[in-house]
Amino acid sequence: MFAKAFRVKSNTAIKGSDRRKLRADVTAVFPTLGTDQVSELVPGKEELNIVKLYAHRGDAVTVYVSGGNPILFELEKNLYPTVYTLWSYPDLLPTFTTWPLVLEKLVGGADLMLPGLVVPPAGLPQVQKGDLCAIALVGNRAPVAIGVAAMSTAEMLTSGLKGRGFSVLHTYQDHLWRSGDKSSPPSIAPLALDPPDLSEEKGSVQADTTLQGDMRRLTLEGEEEEGEVQQRCGEKSLSEATEDPSVGTLNPDPTDSKTLQEQMDELLQRCFLCALKYRVKKADLPLLTSTLLGSHMFSCCPEGRQLDIKKSSYKKLSKFLQHMQQEQIIQVQELSKGVESIVAVDWKHPRITSFVIPEPSPTSQTIQEGSREQPYHPPDIKSLYCVPASMTLLFQESGHKKGSILEGSEVRTIVINYAKKNDLVDADNKNLVKLDPILCDCILEKGEQHTVMKLPWDSLLNRCLEKLQPAYQVTFPGQEPIVKKGKICPIDITLAQRASNKKVTVVRNLEAYGLDPCSVATILQQRCQASTTVTPAPGTKDILQVQIQGNQIHHLGRLLLEEYRLPRKHIQGLEKAPKPGKKK
């Protein structure tokens, strides 16, 4: 369902009544969860958002987001957990096991075929047709997909494990997972011997498997036929299999032996050293610590990775920088109350001089290429002109009528040809054009019609363009041009004061330029280290606005102008950015 990108309709904070209803629905749908677990999954006070979206096939889906991760989604009044939730509650659903190579097919939108199942010694879980199930990989109980059983367990066994077993709804690495923090499955040990012992023999893998007391020999030939995926990795555990490029990989960072926190610590230090060595100059000092993070460190983050200080052992930027100061790499001072700046950098420090950007491994390159989202390219925006009823007489000779859309060069050619064809060029001064009744009616004001008899070419053409109605054409890369009447609304950035006397930055009209407000909000949340919300813009139906806590216009300007390369003329409000050194 989420194998392809979806379209977000709205993203709003949940109301208290809806929060209570959701908690009751979770209790009813998942009775195995205790009261404390339900309260943990649907917290009472922490931020919880309702995101309404349309899947690529048009299905209307409601997603519940907590702590930046989707935790539940609702489709046709049925509530489903995401893989993020199942990693915290791995026993929430009956779980079936498959091979690591199958995951790639599931992520691509395929259903799980029964020949791809691995049958544990205790037999398959007992389910009925239509039951919601989790799917895990050999050696790790952390689910990587959820699906609906296409038949009961008894029918699966009767069929000889052939045919379609599960209709897959959501997987690890799909676009719903990507909307969260993109963390990898935790390592959860199997409850029993899972899978059964395998041994390689003559290029095939044979396994003795118990099926409800009966013995069944499962031969895996190393080919894929009708969803049956085989492997030749013997008794490799999940972590070993992910390290082997020939088997595929699940972890965005191939160093699986390290915890997520350790990986984030390494990424944080890498981005810090990279920023100091390649981006920050001596002339930049003193440098706000927030600027170091938002404008330099985030830019040094490798493609396919996401820097999140809260997931490191430091938790806060200030604590990390204190540690770097203790190593005498930098010197941090509070130049104004509550605002820290880097005032000195030891560029001769061994950690900076010895730092080189690590070459990505073939495995990580493969992952990045497979999961990389299309980079944003700004649209080509062209001003056009629409012929109003009052000017149809001037343009009808060239075959145009009321409502015709023209480029500026076409307008210029039509007016010049009209003047020449009707012998309106002044014989004594070629730079002047005599005004006939049609030109008088089209371009002159009422008080001028008896006093102005001639106009210079540039004045004539400028007046003509001013009398035409505005229109514009927007062309996104790889798409057909979109032509609309009126003027394109600029991206509008404003500062608002809330009841708590705190400032928030509000940005609207991102959609007109092909930008997803939710994606922009996520980027700003990381770079500004501030809370963000996406809500419908007041007085509109289909336009969303992004709100960021504090005056974040500087970060927003860098994102729109330098990274997205949008023309400044299409952005209004950049002048409200805070002055250097001023507290936001």
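Residues numbered from 1 in each chain as written. Predicted model: local features only at pLDDT ≥ 70, side-chain atom pairs only at ≥ 80, totals over all residues. Heavy atoms only, no water.

Draft legend 1. Expanded view of the overall build of the chain. Within the chain, the secondary structure is distributed over 18 helices and 30 strands. Counting every position in the chain, which comprises 584 residues, the buried fraction comes to 46%. In the chain, the proportion of contacts linking residues at least 24 apart, taken out of those at least 6 apart, comes to 59%. Carbon and sulfur atoms make up 49% of the accessible area of the chain, which amounts to about 30,200 Å² in all. (Helix = DSSP H or I, 4+ residues; strand = E, 2+ residues; numbered from the N terminus. Buried < 20%, exposed > 50% of the residue type's maximum accessible area, 1.4 Å probe, protein only. Contact = heavy atoms within 4.5 Å. Areas by Shrake-Rupley, 256 points an atom, 1.4 Å probe, with all protein chains shown as cover.)

Draft legend 2. Region of interest: the pairing of strand β3 (residues 60-66). The element β3 is extensively covered by neighbouring structure, given that six of its seven residues are classed as buried. In the sheet, strand β2 (residues 48-54) pairs with β3 via seven bridges, with the strands oriented antiparallel. Bridging across to β3, leucine 53 finds its partner in valine 61. Counting the residues that bridge the hairpin from β2 to β3 gives five residues, and of these glycine 58 lies at a positive phi of roughly 100 degrees. Once β3 ends, the chain turns through two residues before running back antiparallel as strand β4 (residues 69-75), passing glycine 67 with a positive phi of about 60 degrees. (Pairing = 2+ DSSP bridges.)

Draft legend 3. Molecular detail of the nonpolar core. One finds Val26, Ile491 and Leu560 to be the most contacted residues of the largest nonpolar core, which totals 62 residues. When residues of this core are assigned to their parent elements, the largest contribution, five residues, is made by helix α17 (residues 517-528). Setting aside anything within four residues of it in sequence, one finds leucine 560 in contact with Ile491, Ile493, Leu510, Leu515, Arg565, Leu566 and Ile571. Residues Ala275, Phe320, Val345 and Phe355 belong to the second largest nonpolar core, which totals 32 residues. (Core = buried A, V, L, I, M, F, W, Y, C linked by side-chain atoms within 4.5 Å.)

Draft legend 4. Just the state of the cysteines, in detail. Applying the stated criterion across every chain, the model contains zero disulfides. Cysteine cysteine 464 remains unbridged, with the sulfur of cysteine 442 as its closest cysteine sulfur at 7.4 Å. (Disulfide = S-S within 2.5 Å.)

Draft legend 5. Representation of helix α16 (residues 457-467) within the structure. The set of residues buried in α16 consists of Trp457, Leu460, Leu461 and Cys464. Taken end-on, α16 shows its buried residues confined to a sector of 95 degrees, consistent with a single buried face. Residues of α16 that are exposed and angled more than 90 degrees away from the buried face: Asp458 and Glu466. Elements in contact with the buried residues of α16: α13 (392-395), α14 (408-421), β22 (432-434), α15 (437-443) and β23 (454-456). (Arc of directions from axis to C-beta.)

Draft legend 6. Expanded view of the pairing of strand β11 (residues 164-171). Most of β11 sits inside the fold, with six of its eight residues counted as buried. The pairing of strand β7 (residues 112-113) with β11 spans two bridges and is antiparallel. Looking at β11, one finds that methionine 113 is bridged to arginine 164.

Draft legend 7. How the structure looks around the side chain of serine 341. Looking at the element boundaries, serine 341 is found in strand β19 (residues 339-345). Leaving out residues up to four positions away in the same chain, serine 341 has contacts with Pro286, Leu287, Leu288, Thr289, Gln331, Val332, Gln333 and Leu335.

Draft legend 8. Structural detail: the side chain of asparagine 551. Structurally, the position occupied by asparagine 551 is in the loop between β29 (544-549) and α18 (553-563). Polar side-chain contacts of asparagine 551 include one of 3.3 Å to the backbone nitrogen of isoleucine 553. There is a polar contact of 3.1 Å between the side chain of asparagine 551 and the backbone oxygen of lysine 576. (Polar contact = N/O pair within 3.5 Å; in protein donor to acceptor, adjacent residues only side chain to side chain.)

Draft legend 9. Representation of the sheet that holds strand β5 (residues 78-81) in the model. An order of β1-β2-β3-β4-β5 is seen for the five strands of this open sheet, with the pairing classed as antiparallel. Where the open sheet ends on each side, the last strands, each with one partner, are β1 (7-13) and β5. Between one strand axis and the next, the sheet turns through 25 degrees on average, direction left out of account. Note that β4 and β5 share four bridges and pair antiparallel. Its bridge partner being in β5, leucine 75 is matched across the sheet by asparagine 78. (Axes fitted to C-alpha atoms, helices over the stretch in contact; angles between N-to-C directions.)

Draft legend 10. Inspection of the sheet that holds strand β25 (residues 482-485) at higher detail. Taken in spatial order, the four strands line up as β21-β20-β24-β25 in an open sheet, and their pairing is antiparallel. Of all the strands in the sheet, the pair left with one neighbour each is β21 (405-406) and β25. Two elements, strand β20 (residues 380-386) and strand β24 (residues 469-475), share seven bridges in a ladder whose sense is antiparallel. Looking at the pairing, serine 383 lines up with tyrosine 472 of β24.

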